[in-house]
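Architecture at a glance
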Amino acid sequence: MVTKKAFAYLSLASKMGDLLYRELVSVTRSVGEIYNHGAYKELALVHIPDLTSFRYHEGPFDPEKWLVPLLYVGWLEHPQSFTTGNVTSTLLSKLNAMVSQSNSAYPGLSFLGWESCSFCIASGVPGWCVISESCTNIFVPGNRVVYVATGGILHYIETHSYLPPADFLAAVSKCPDIDSNEYRAALRLANPGFTPSCLEEVSREHLEKTVAAILSEVKQKQKSLNTPCPKCGHQITPAEIRRVSWDEIECPKCGHRFSAAKL
Ligand SMILES: [Zn+2]
Ligand SMILES: [Zn+2]
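Heads up: these notes are all about the structure in this document. Computed from a predicted structure; not experimentally measured.

Structural notes on the overall build of the protein
Along the backbone of the protein there are 9 helices and 8 strands. Split into buried and exposed, the 263 residues of the protein put 33% on the buried side.

The structure is reproduced here in structure tokens:
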């Protein structure tokens, strides 16, 4: 979860090109270290069953901000199972177009979910298996509901034969181009008469507050992964750990060897 948020905000902050960006790059690297040391499961995985409501984040991703149910679609994660089947090529190209339209018309919504595909990882595909489209999200007006899908569904459909729920696909086929006025009108209509917050700009202040919260969460996590040297007190980070035997660690600062199991 933290990982996804950090990547997510990295994507948005990169558009702002300043200190915030550099700080996020360093956080993301640290998260990478955590990944390499096996703590990633707890951090990275978020599975949201199709057609359920979930408070993934504040703003338009918070169901409470909507007057109709906000239903999540396509937030898959290994090892949870999902429905498979055939999505027509017409629908798939429509979804493709919607993801790129959302990315350019509402870049502020592109911050949640630059995900790795945990199914690809689990099946042994090397690397981080990043799904590039997953940094974009689409809000799709339905019949007295609104769906929010990750752009990652393109990969899940194409590579893993994922079949999204029929009601969602019906809404996709009817959805106007996301960069059009018709789309804004359709979303307003689905959220009876009120402009949903996903059509508003994300403020700089909000972004900074969220980034600060992520930073402290990640730093906290890093701390819990450190091993203190019993001799000099140096906080040995996971990246610095050097095992000299199966249960002994050598402190990189003072050279003291001690059993990690006794700590
Ligand atoms: Zn995959
Ligand atoms: Zn030491």
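Anyway, onward from the coordinates.
Considering the pairing of strand β2 (residues 137–141)
Of all 5 residues making up β2, 5 are buried, and the element is well covered by its neighbours. Both faces of β2 are covered, namely the face carrying N137, F139 and P141 and the face carrying I138 and V140. Across 5 bridges, β2 lies against strand β3 (residues 146–150) in antiparallel orientation. Residue P141 lies in a different strand from β3, and its bridge partner there is V146. From the end of β2 to the start of β3, which pair antiparallel, there are 4 residues, and R144 there has a positive phi angle of about 60 degrees.

Some details on the packing of helix α4 (residues 89–105) against helix α7 (residues 166–174)
Direction vectors running N to C along α4 and α7 enclose 70 degrees, while the axes themselves pass 10 Å from each other. In terms of axis orientation, α4 runs roughly perpendicular to α7. The hand of the α4/α7 crossing is left-handed. Across the interface between the two elements, L91, K94 and L95 from α4 touch L169, V172 and S173 from α7. The residue makeup of the contact of α4 with α7, split by class, is 4 nonpolar, 1 polar and 1 charged.

Focus on the nonpolar core
A general trend in soluble globular proteins is that nonpolar side chains are found buried together. Grouped together as the largest cluster of nonpolar side chains are 36 residues, with contacts concentrated most on V140, V146, Y147 and V148. Of all the secondary structure elements, the ones that give two or more residues to this core are β1 (70–73), α4, β2, β3, α6 (153–160), α7 and α8 (181–190).

Some remarks on the sheet that holds strand β6 (residues 242–243)
If you walk across this open sheet you meet the 3 strands as β6-β7-β8, and the pairing is antiparallel. Here the strands that pair on one side only, and so sit at the sheet edges, are β6 and β8 (257–259). Taken together, the 2 bridges between β6 and strand β7 (residues 248–250) define a ladder with antiparallel strand orientation. Bridging across to β7, R242 finds its partner in E250.

Quick word on unusual backbone geometry
At the junction of H78 and P79, the peptide bond is cis and its omega measures out at 5 degrees in the coordinates. Relative to the elements of secondary structure, P79 occurs in the loop between β1 and α4. Even without glycine at this site, L51 takes up a positive phi of about 60 degrees. Here L51 shows up in the loop between α3 (40–44) and β1. Look at S161: it is not a glycine, yet its phi comes out positive at around 55 degrees. By the element assignment, S161 lies in the loop between α6 and α7.

Brief notes about α7
All of the buried residues along α7 are F168, A171 and V172. One side of α7 holds all its buried residues, which, seen down the axis, span an arc of 105 degrees. The outward face of α7, more than 90 degrees from its buried face, is lined by the exposed residues A166 and S173.

With respect to α4
Compared with the 24 Å implied by 1.5 Å per residue over 17 residues, the 24 Å span of α4 between its first and last C-alpha is a close match. For α4, the complete set of buried residues consists of L95, M98, V99, S102 and N103. Buried residues in α4, looked at end-on, bunch into an arc of 130 degrees, giving them a common side. Turned more than 90 degrees off the buried face of α4, the exposed positions are S89, T90, S93 and S104. Each element contacted by the buried residues of α4 is listed here: β2, α6 and α7.

As for the sheet that holds β1
Spatial ordering of the open sheet is given by β1-β3-β2, a layout of 3 strands whose pairing is mixed. This sheet does not close on itself; its edge strands, each paired only once, are β1 and β2. On average, adjacent strands in this sheet sit at an angle of 25 degrees to one another, irrespective of strand direction. Pairing of β1 with β3 involves 4 bridges; the strand directions are parallel. The partner of V73 across the bridge, within β3, is A149. In this fold α7 packs onto β1, β2 and β3, with an angle of close to 90 degrees to the strand it touches most, β2.

Analysis parameters
- Residues numbered from 1 in each chain as written.
- Chains lettered and ligands numbered in written order.
- Predicted model: local features only at pLDDT ≥ 70, side-chain atom pairs only at ≥ 80, totals over all residues.
- Helix = DSSP H or I, 4+ residues; strand = E, 2+ residues; numbered from the N terminus.
- Buried ≥ 20, exposed ≤ 12 C-beta atoms within 10 Å, placed from the backbone.
- Pairing = 2+ DSSP bridges.
- Axes fitted to C-alpha atoms, helices over the stretch in contact; angles between N-to-C directions.
- Parallel < 35°, antiparallel > 145°, perpendicular 65-115°, else oblique.
- Left-handed = near helix turned anticlockwise from the far one by under 90°.
- Contact = placed C-beta atoms within 7 Å.
- Nonpolar A, V, L, I, M, F, W, Y, C, P; charged D, E, K, R; others polar.
- Core = buried A, V, L, I, M, F, W, Y, C linked by C-beta atoms within 7 Å.
- Arc of directions from axis to C-beta.
- Expected span 1.5 Å × (residues − 1).

No statement about biological role is implied by the geometric values presented.
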